[in-house]
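Listed below are the residues making up each chain.
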Amino acid sequence: MWVEDWTTVAACRKAQPDELFVRGAEQNKVKQVCSGCPVRTECLAEALDNQIEWGVWGGMTERERRALLRRRPAKSWRAVLETARAQHEQVAVAPLELVDADAEVAQVG
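Since this is a predicted model, take the numbers as computed values, not measurements. (Residues numbered from 1 in each chain as written. Predicted model: local features only at pLDDT ≥ 70, side-chain atom pairs only at ≥ 80, totals over all residues. Heavy atoms only, no water.)

Below, the discussion takes up the packing of aromatic side chains. Two aromatic rings are characterised by how far apart their centres lie and by the angle between their planes. Taken as a whole, this structure holds 2 aromatic pairs when the rule is applied. Seen in terms of ring centroids, Trp-6 and Trp-57 are 6.4 Å apart; in terms of plane orientation they differ by 70 degrees. Their pairing is edge-to-face. In this pair, Trp-6 is assigned in the segment before α1 (17–20) and Trp-57 in the loop between α3 (40–49) and α4 (62–71), connecting sequence segments 51 residues apart. Side by side, Trp-6 and Trp-57 carry an identical accessibility label, which is buried. Where Phe-21 meets Trp-57, the ring centres are 6.4 Å apart and the plane angle is 70 degrees; that geometry is what we call edge-to-face. Of the two residues, Phe-21 sits in the loop between α1 and α2 (26–35) while Trp-57 sits in the loop between α3 and α4, which places them 36 residues apart along the sequence. On the basis of relative accessibility, which here comes to 41%, the residue Phe-21 falls in the partly exposed class. Site record: aromatic cluster; members linked through ring pairs are Trp-6, Phe-21 and Trp-57. (Phe/Tyr/Trp six-rings, centres within 6.5 Å; stacked < 30°, edge-to-face > 60°. Helix = DSSP H or I, 4+ residues; strand = E, 2+ residues; numbered from the N terminus. Buried < 20%, exposed > 50% of the residue type's maximum accessible area, 1.4 Å probe, protein only.)

If you want it as structure tokens, here you go:
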């Protein structure tokens, strides 16, 4: 499910802006904060759709985002990422549904 007001639950919400808008190797530290963030995808979509030039957003540096935008310009990254998330969630849930169905059959049989 897409979180509209994602900034209120972002892993970096309590960080100072100077901590997030760094250069060089320090960006790797910021990316670690993003790795466990529950709204990483929403954050990345925001940065890509608005072509935000500075800082780490959604676990990607400005250089990584520029490269992605050059390779795949999209009209709406939110739509792309939202669709990808939905497909990923369907694949993740489908095996569980099969296991549940198999368990019901075993109980009946």
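Moving on from the coordinates now.
Another aspect to go through is the nonpolar core. It is characteristic of soluble globular proteins that their nonpolar side chains tend to be buried jointly. Ranked by size, the top nonpolar core spans 8 residues in total: Trp-2, Leu-44, Ala-45, Leu-48, Met-60, Leu-68, Trp-77 and Leu-81. For this core, the secondary-structure elements that each account for two or more residues are α3 and α5 (77–108). Once residues within four sequence positions are removed from consideration, Trp-77 is found in contact with Ala-45, Leu-48, Asp-49, Leu-68, Leu-69 and Arg-72. Listed in part, the 7 residues of the second largest apolar core include Trp-6, Cys-37, Cys-43 and Trp-57. (Core = buried A, V, L, I, M, F, W, Y, C linked by side-chain atoms within 4.5 Å. Contact = heavy atoms within 4.5 Å.)

Right, let's talk about the pattern of salt bridges for a bit. Enumeration over the complete set of coordinates arrives at 5 salt bridges. A salt bridge links Lys-31 to Glu-64; the nearest nitrogen and oxygen atoms lie 2.8 Å apart. On the criterion of sequence distance, the pair formed by Lys-31 in helix α2 and Glu-64 in helix α4 is long-range, its members being 33 residues apart. Arg-85 serves as the salt-bridge partner of Glu-42, at 2.9 Å between the closest nitrogen and oxygen. Taken as a pair, Glu-42 in helix α3 and Arg-85 in helix α5 lie far apart in primary sequence, 43 residues in all. Several salt bridges converge on common partners, so that one network encompasses Glu-4, Arg-78 and Glu-82. (Salt bridge = Lys/Arg side-chain N within 4 Å of Asp/Glu carboxyl O.)

The values are spatial; any link to function lies outside them.
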